[in-house]
Structure formats: C-alpha cells, structure tokens
Amino acid sequence: MARTAVAAPQTHIATRLPGLAVTLLVAAVATGLGLLVPVVGGPVFAIVLGVLAATTLKPLRATRLTPGYTFASKTVLQLSIVVLGTGLSLQQVVHVGVSSLPVMLGTLAVALGGAWLLGKWLKVGSDTKTLIGVGTGICGASAIAATTAVIKPKSTETAYAIGTIFTFNIAAVLLFPPIGHLLGLSPHAFGLWAGTAVNDTSSVVAAAYAYGGDAGPYAIVVKLTRSLMIIPIVITLAFLKARRNDEVHLPWHRIVPAFLIGFVLAAATDTAGLIPDSWHPALSALGAFLITTALAGIGLSLRFADMRKAGARPLLLGGLLWIAVAASSLGIQALTGL
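As the structure is a computational prediction, the values presented were derived from the model and not from experiment. The numbers attached to residues start from 1 for each chain and follow its sequence in the written order. pLDDT decides what is reported in this predicted model: residues at 70 or higher carry local features, side-chain atom pairs at 80 or more are listed and counted, and totals for whole chains, interfaces and linings draw on all residues regardless. For the side-chain quantities, the full set of heavy atoms in the structure was used; hydrogens and water were omitted.

## What about the overall build of the protein?
A run of DSSP states H or I qualifies as a helix once it reaches four residues; a run of E qualifies as a strand once it reaches two. Both are numbered from the N-terminal end. Scanning the protein for helices and strands turns up 15 helices and 0 strands. Burial classification: accessible surface area is computed with a 1.4 Å probe over protein chains only, and a residue below 20% of its type maximum counts as buried, one above 50% as exposed, and the rest as partly exposed. Here the protein holds 338 residues, and the buried ones make up 49% of them. Working rule for contacts: check all heavy atoms of both residues, and any pair within 4.5 Å makes them a contact. In the protein, the share of contacts with a sequence separation of at least 24, taken over all contacts with a separation of at least 6, comes to 81%. Computed with a 1.4 Å probe, the accessible areas rest on the Shrake-Rupley method; for each residue, only the protein chains presented here act as cover. Per element, the accessible surface of the protein, about 15,600 Å² overall, is 72% carbon and sulfur.

If you want it as structure tokens, here you go:
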C-alpha cells in the first residue's frame, strides 16, 4: 500500500517531464532571441516559437507531451508571478503612487471599461476581452499571465491577447518618443505617459530611455507601481468567476489565489530589505525565464487553425484600447497638472 502511495506522485512527475523538457528548450531559445531583440522580448518569442514548433514538427503534438505543456502553462506561470514580486519595492510604490495615482486609476478604468464596452460591440469573447483589457491597463504579458491563472481561458485566447499586446507594444516604442517631442513633453511627463500607457515593461524601458533625460527611471517606477493593480483586479476576477459558477460559499483561497499571496509576500520581503541587492538581477532573470517557459507551454499547445477562428476583432479591440489609454493618460495629466 505504501509502495503505491509513493509511486503515484513519481508517476505523475514522470508524465510531465517530457513535455516540460520541450518547453524549457523552447524557452531557452526564446530567451536568447529576446536578448538579441529586447523590444520583442523572450515571452513573445516563446509563444511564437511554440506555435511554429508544434505546427511544423508532428512529434511535438504527441499526447504524452501534453501534461508537461499544461504544467508549464499553469504551475510555472503562477510561480513566475511570485518570483517577479521580488523586484517590486513597496516604498517606491508609496512614493510614486501618490502623485501618479490619478493617471494610473484613470487609464486603468479606461482600459477595463473600454474592454467591456468595445468588446461587447465588437462581439469579442468574454475571456479574450478581459485579457486584452487587463494587459492594456496594467502590465502586458505579466498581467495576462496572472489573469490566465485565475479565469483559466482557452490557450488560443491567451495567445491572441498576448499577440495583440505585443503588436501595440512595438507601435508604442516607435511612435511614443517622436509624439512626445512633438507635444513638448518634459522627461517627467513622458515617463508618466510611458509608464501608464505602454503595456509591457520592456517596451516602457525602450520608449522612455529613447526619449532621454530622467524619463527612463521615472517610467520604470511608475510601471512597477502600476503592476500592483493586478492584485485587486485578480481578486475581483476570482470572485466573479466563482459566483458565475454558482459557488455560494466561497473559500478564501478561491477568492485570493495562493500565487497572489506569494507575490505580495515577495514584494514585502524585498521592501523589508531581506533580499540582497546583489540577488535582484538573478531573480529578475529567473522570473523572466519562468514566464517565458510558461508561454512556451501555451504556444506548444496551440494550433493556427484555432487562432484563425478568432478573426481580426480582438486585434481591433486592442488597437482601440491602446489609443484610448494613451489619450486618457495625456488628458488626465493635462487636467491635473501632473
């Protein structure tokens, strides 16, 4: 009896190893490409390479690899969010958040409200418009990853949302600096604009440092502060999902996912100075690699035929939200004098 009890977990792990090995290999290649082309980044390369590999190489579509892909796209995804929390100082959040809070809350409301209204008008699926709205309003692929862990959408919906966010990240990097100079924005104003209106952290860095002055450092802190918005959003989504499933008595762990508690504890640990500064580069690299591995697992689970069914409407939704958030960020700055 004891032998069976021990064997079951070992068998469970063994079924995941082949698929997990494939995702790690794809993630390693994607990470290398991400270093060469940082504007694109490892996570986007991972999901693209995963889709291409699974489409062109029939052995990678084998059923025996599926448990590993699933483990990467769910468990590794949640772990990545916890590790990324080690790079967020709550002291910085308080310092920057007080001044930039009106812009952050305003753009978040535009992104989420716009996703609901425009998504309904465009007839975009519920989970897809939620992912695009959260990705646009908070922090791109990381926010999509955290939301995916709670609402559990189809892999095609996650991939389409990330692809949409990536498209407008590239547009932001190319267009924001010249538009900022055309508008005569100060480095501080541009940093606040980039930090609240560009989706992904790597794109925020690229756009803000291209602008010059102290726009880069300020934009990064604004972006990190904006990332904390994922906490109330994820808790709300978890609650709504449980209610939608007619779960009357909601256990706390269904409303507040364990990975989100881990994220907050990791950020608190860093704020308390318990994580040495010398560890931050390695932890940041580990968090990025874990999320790249998770997205490789999602990519390997996808098929082009499934993605084609979604059509162009999610991309149009992402474009309209991107424009609305960028315009509202500048508008709120002008109204509040920030």
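Still more ground to cover, so stick around.
## Some thoughts on the nonpolar core
For soluble globular proteins, nonpolar side chains are generally found buried alongside one another. Working definition of a nonpolar core: buried Ala, Val, Leu, Ile, Met, Phe, Trp, Tyr and Cys residues. They are joined through side-chain atoms within 4.5 Å. Counting 61 residues, the largest nonpolar core has V22, L60, V134, I138, I230, F259 and L300 as the members making the most contacts within it. With 12 residues, helix α5 (residues 126–151) is the largest single contributor of residues to this core. Ignoring any residue separated from it by four or fewer positions in sequence, one finds L60 in contact with V22, A53, A54, L65, Y69 and L300. Of all hydrophobic cores here, the second largest spans 20 residues; its members include F168, A194, A215 and V325.

## As for the side chain of T196
Tracing the backbone through its elements, the reader meets T196 in helix α7 (residues 187–197). Not counting residues within four places of it along the chain, the set of residues in contact with T196 comprises V103, M104, T107, V222, R226, V325 and S329.

## Some points on the environment of R313
Considering the arrangement of structural elements, one finds R313 in helix α15 (residues 313–336). Separated by 189 residues in sequence, R313 and V124 place their C-alpha atoms 6.5 Å apart. The residues contacting R313, other than those within four sequence positions of it, are L122, K123 and V124.

## Describing the environment of G106
Here G106 shows up in helix α4 (residues 90–122). Sequence-wise, G106 and G331 are 225 residues apart; in three dimensions their C-alpha atoms are separated by 9.8 Å.

## As for the packing of helix α6 (residues 155–183) against α7
Only the stretch in contact is used when a helix axis is fitted, and all axes are lines through C-alpha atoms; the angle between N-to-C directions ranges over 0 to 180 degrees. The interhelical angle for the contact between α6 and α7, taken along N-to-C directions, is 150 degrees, at an axis separation of 11 Å. In terms of crossing hand, the pair formed by α6 and α7 is right-handed. Of the residues in α7, those in contact with F176, P177, I179 and G180 of α6 are F190, W193 and A197. Per-class residue counts for the contact of α6 with α7 are 6 nonpolar, 1 polar and no charged. Here is the rule for handedness: rotate from the far helix to the near one, and if that takes an anticlockwise turn smaller than a right angle the crossing is left-handed, while a clockwise turn gives right-handed. Residue classes follow a fixed rule: Ala, Val, Leu, Ile, Met, Phe, Trp, Tyr, Cys and Pro count as nonpolar, while Asp, Glu, Lys and Arg count as charged, and any other residue, Gly among them, counts as polar.

## Examining the packing of α5 against α15
α15 packs onto α5 with a crossing angle of 30 degrees between their chain directions and a minimal axis gap of 10 Å. On the basis of the axis angle, α5 is roughly parallel to α15. For the pair α5 and α15, the sense of crossing is right-handed. Residues T128, K129, I132, G133 and T136 of α5 form the contact with α15, whose own contacting residues are P314, L317, G318, L321, W322 and V325. Any angle that falls under 35 degrees is termed roughly parallel, while one over 145 is termed roughly antiparallel, one within 65 to 115 roughly perpendicular, and all others oblique.

## Let's talk about helix α9 (residues 215–227)
With 13 residues, α9 extends 18 Å from end C-alpha to end C-alpha; this agrees with the ideal 18 Å at 1.5 Å per step. Burial within α9 is extensive, with 10 of its 13 residues counted as buried. Of the residues making up α9, those classed as buried are A215, G216, Y218, A219, V221, V222, K223, T225, R226 and S227. Multiply 1.5 Å by the residue count of a helix minus one, and that product is the helix's expected span.

## Here's the deal with the environment of G273
Its place among the elements puts G273 in the loop between α12 (258–271) and α13 (280–300). Note on G273: relative accessible area 56%, which makes it exposed. Residues G273 and S89 lie 184 residues apart in sequence; the distance between their C-alpha atoms is 9.2 Å.

## Describing α6
With 29 residues, α6 extends 40 Å between its outermost C-alpha atoms, agreeing within 8% with the 42 Å of an ideal straight helix rising 1.5 Å per residue. Here the bend at each residue means the angle between axes fitted to two seven-residue stretches, the one ending at that residue and the one beginning there. Taken as a whole, α6 carries its principal kink of about 35 degrees at L175; the proline P177 stands between one and four residues after it. Looking one or two places after α6, you find G184, whose phi comes out positive at around 70 degrees.

## Describing the confidence of the model for the protein
Along the chain, pLDDT gives the predictor's confidence residue by residue, from 0 to 100. With 88% of its residues at a pLDDT of 70 or more, the protein has an overall mean of 81. When mean pLDDT is compared element by element in the protein, α15 scores highest at 91, while helix α11 (residues 252–255) scores lowest at 54.

## Remarks on unusual backbone geometry
The phi angle at K123 is positive, at roughly 60 degrees, despite the residue not being glycine. Here K123 shows up in the loop between α4 and α5. One non-glycine residue, K152, lies in positive phi territory at about 50 degrees. Relative to the elements of secondary structure, K152 occurs in the loop between α5 and α6. Here K152 falls in the exposed class, since its relative accessible area comes to 53%.

## Some remarks on the side chain of T128
With respect to the helices, strands and loops of the structure, T128 is situated in helix α5. Judged by relative accessible area, T128 falls into the buried class, the value being 8%.

## A short note on the packing of aromatic side chains
Only the six-membered ring of Trp is used, alongside the rings of Phe and Tyr, when aromatic pairs are assigned; centres must lie within 6.5 Å, and planes under 30 degrees apart are stacked while those over 60 apart are edge-to-face, with the rest tilted. Evaluation of the coordinates by the stated rule reveals 5 aromatic pairs. Aromatic side chains F176 and W322 sit 6.2 Å apart centroid to centroid with 25 degrees between the ring planes, which places their arrangement in the stacked category. A residue pair is termed long-range when its members are at least 10 positions apart, and F176 in helix α6 and W322 in helix α15 qualify at 146 residues. Under the relative-accessibility criterion, W322 is labelled buried at 11%. The interplanar angle of 5 degrees and the centroid separation of 3.9 Å between the aromatic rings of F190 and Y211 together place this pair among those described as stacked. Residue F190 is located in helix α7, and its partner Y211 is located in helix α8 (residues 201–211); the two are separated by 21 residues in the primary sequence. For the pair F190 and Y211, a shared accessibility class is recorded, and that class is buried. Taken together through their ring pairs, the aromatic side chains of F168, F176, F190, W193, Y211 and W322 make up a single cluster.

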